Amino acid sequence: MSNGYWEKRQVQNAYEVFENAEKKADEIAKAYQKASRYLQLAADQVFEKYQEKHGLTETDAMSLLNLMQDRTSLDELLAKLKADDKDESKKDLLAKLEAPAYAARLDKFRQLQIQINTIMTNVYNQELIENQRFYTNLAQESYYKSIFDIQQKADAAFEFAHVSAEKIDMLLNSRWSGKNYSERVWNNTQELAESLKEEMLVSMMTGRPDRETAEAISYKFAQGSSKARRLVRTESNYIFTEMNFESYKACGIKKYRYLATLDLRTCETHCVPLDGKIFLISERKIAENCPPMHPWCRCTVTAVTNEADIQRLQRSALDPETGKRIKIPASMTYAKWYKEYVQGKPNAELEQKKIKHVAEDRKQYKQYREVVGKDAGKTLDAFQEMKYNKPEKWKDLKDYKKYLTDHPGNTKKDYKAQKTLDRAGIKGVAKIKPDKIDTSEYTYDESHINTERSHQVSRAEAERFIKEADISLTRWNGRFVNYYSKDGATYVDVENKNIRTTFTSQEFDENTLKIREVAEKYAAKSKKNKVSAVKEGN
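Note that the structure is a prediction, hence the values are computed from the model and not measured.

1. Topic: empty space enclosed by the protein
Next up, step 1: Counted according to the given criterion, the structure contains 2 cavities of 30 Å³ or more.
Next up, step 2: Of the voids in this model, the largest cavity is the one considered here, and its volume is about 140 Å³.
Next up, step 3: Of all elements in the fold, only helix H1 (3-44), helix H5 (103-154), helix H8 (210-250) and strand S3 (300-304) reach the threshold of two or more residues within the lining of the largest cavity.
Next up, step 4: Top element by residues in the lining of the largest cavity is H5. It accounts for 4 residues.
Next up, step 5: Counted by class, the lining of the largest cavity contains 4 nonpolar, 5 polar and 2 charged residues.

2. Let's talk about the pattern of salt bridges
Next up, step 1: In the structure shown here, the tally under the stated rule is 41 salt bridges.
Next up, step 2: Residue Lys197 pairs with Glu194 through a salt bridge whose shortest N-O separation is 3.6 Å. Here Lys197 pairs with Glu194, and both are found in helix H7 (residues 181-206), just 3 residues apart, close to one helical turn.
Next up, step 3: When salt bridges that share partners are traced, they join Glu22, Asp26, Arg229 and Arg233 into one network.

3. Points about the layout of surface pockets
Next up, step 1: Put simply, the largest pocket is a space of about 560 Å³.
Next up, step 2: Along its surface, the largest pocket is lined by 18 residues, and Leu128, Ile129, Gln132, Ala359 and Glu360 are the ones closest to its centre.
Next up, step 3: Mapped by element, the contributors of at least two residues to the lining of the largest pocket are H5, H7, helix H11 (346-356) and helix H12 (358-372).
Next up, step 4: Top contributing element to the lining of the largest pocket by residue count: H5, with 8 residues.
Next up, step 5: Residues of the lining of the largest pocket, tallied by class, amount to 7 nonpolar, 6 polar and 5 charged.
Next up, step 6: What lines the second largest pocket is a set of 21 residues, and nearest its centre among them are Asn137, Leu138, Glu141, Ser142 and Lys145.
Next up, step 7: Only H1, H5, H8 and helix H10 (334-341) provide two or more residues apiece to the lining of the second largest pocket.
Next up, step 8: Take the lining of the second largest pocket: its biggest share by element is 11 residues, from H5.

What counts as what
- Residues numbered from 1 in each chain as written.
- Predicted model: local features only at pLDDT ≥ 70, side-chain atom pairs only at ≥ 80, totals over all residues.
- Heavy atoms only, no water.
- 1 Å grid on protein atoms, 1.4 Å probe; cavity = no way out; pocket = protein on both sides within 12 Å on 5 of 7 lines; lining within 4 Å.
- Points joined across faces, edges and corners; volume = space filled by probe spheres on them.
- Helix = DSSP H or I, 4+ residues; strand = E, 2+ residues; numbered from the N terminus.
- Nonpolar A, V, L, I, M, F, W, Y, C, P; charged D, E, K, R; others polar.
- Salt bridge = Lys/Arg side-chain N within 4 Å of Asp/Glu carboxyl O.

Next up, the structure:
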């Protein structure tokens, strides 16, 4: 097949991407339309029907807004109106707004301003979810479709790297145009929120009836929806193009040809002059020699291969048993190819699982990082690798997070000590290097300790065991805390402020010796680390 065929095929691939982007933009537009209707209903409770206009003209209203630091603040507006006591129209408007009969309406207006924030935050969250899902699927499909095309062009089923969730995540969060897509969605929705608030103030100042206010709201939401559509279209081109380049690099292809969509809408300034030109992939620059050249850009790229490239790819597709090239029939569809060479492959399925769950995993990763810190993994990919490919480590991480959540202030050493004691059947919440309580006001159960039990331990010794303890066990929902030092143990009834019992190391039983073994293993590490830190500081 000629190069012309493959160029047309790539243009068709790009066309399908842009068509799907339009469909996704249509879905997002529904969120804007729904929000617009909701806000119009809320505004109906504030602005009167069929009233005659009063107060300022829209020109005067906008001029007044331009003098305000916060163009959305009703309180600042009232202050500005009070400051200008020479303008009769402003005095009249102020008198109406401050009239007792208007107080309830102003309260509703303030509530409306707050509602706008809530409405636009909801729109942002919906748009972000839709974008995340769409871009993730687009990135994955763009990569594999490009590999498929290259294999068919070479007529060789050569081996290739499966696209990783980490690569897609990095791509989706890259600031290729100054901001990533989630930041742009946030900016767009917040700008719309501010613009809507300004419109509400203008309606308040000019006395617009509810119908005109509804029209203004609808117009502003249409503008916001158009920005959302532009973002989806432009971001889709970027993701599609970049994943094509990833496939080219995976196949060892060094060059690409720029393909402009040539019709009456094609950009004469940026895109038409680049059509058909060949560039090194390593020298590509977005908006200079690589799409997207500008918002709404519909251009694409195609791999440039020569005979040497084709022969190299064919050699890498030899069957080790027969020595013959494994071919890709021209009649094979992408769906059949995907099932044959991607679906069911362990590495590919692992990456697909990561890709599919990247949004919820990112949220979960953040939650884990807040609790367990670096143990959640240095990156989201490391976290997902543990979650989906290392079941024992994942179970331990979940247990560790639950332990720290249930026992605020405890550490990883406490957790390890706890696990060791649990395995030994020793109950209680372990704490390495425990905080020492002040027992000066506690009673000392002399009768129980020295008469009944014959431990022959003085109060001073019992308090020393607490002071020198390097591990404690808390029991009975915090009522009892047992302190263990190398020389002895002291059990304290915190609830009743009583030193219940104490004994020396000569009376340590098997469980107590196990507790001491754990203490010396983990408390000794803490001491060693502290000494090392002091030496480094010197």
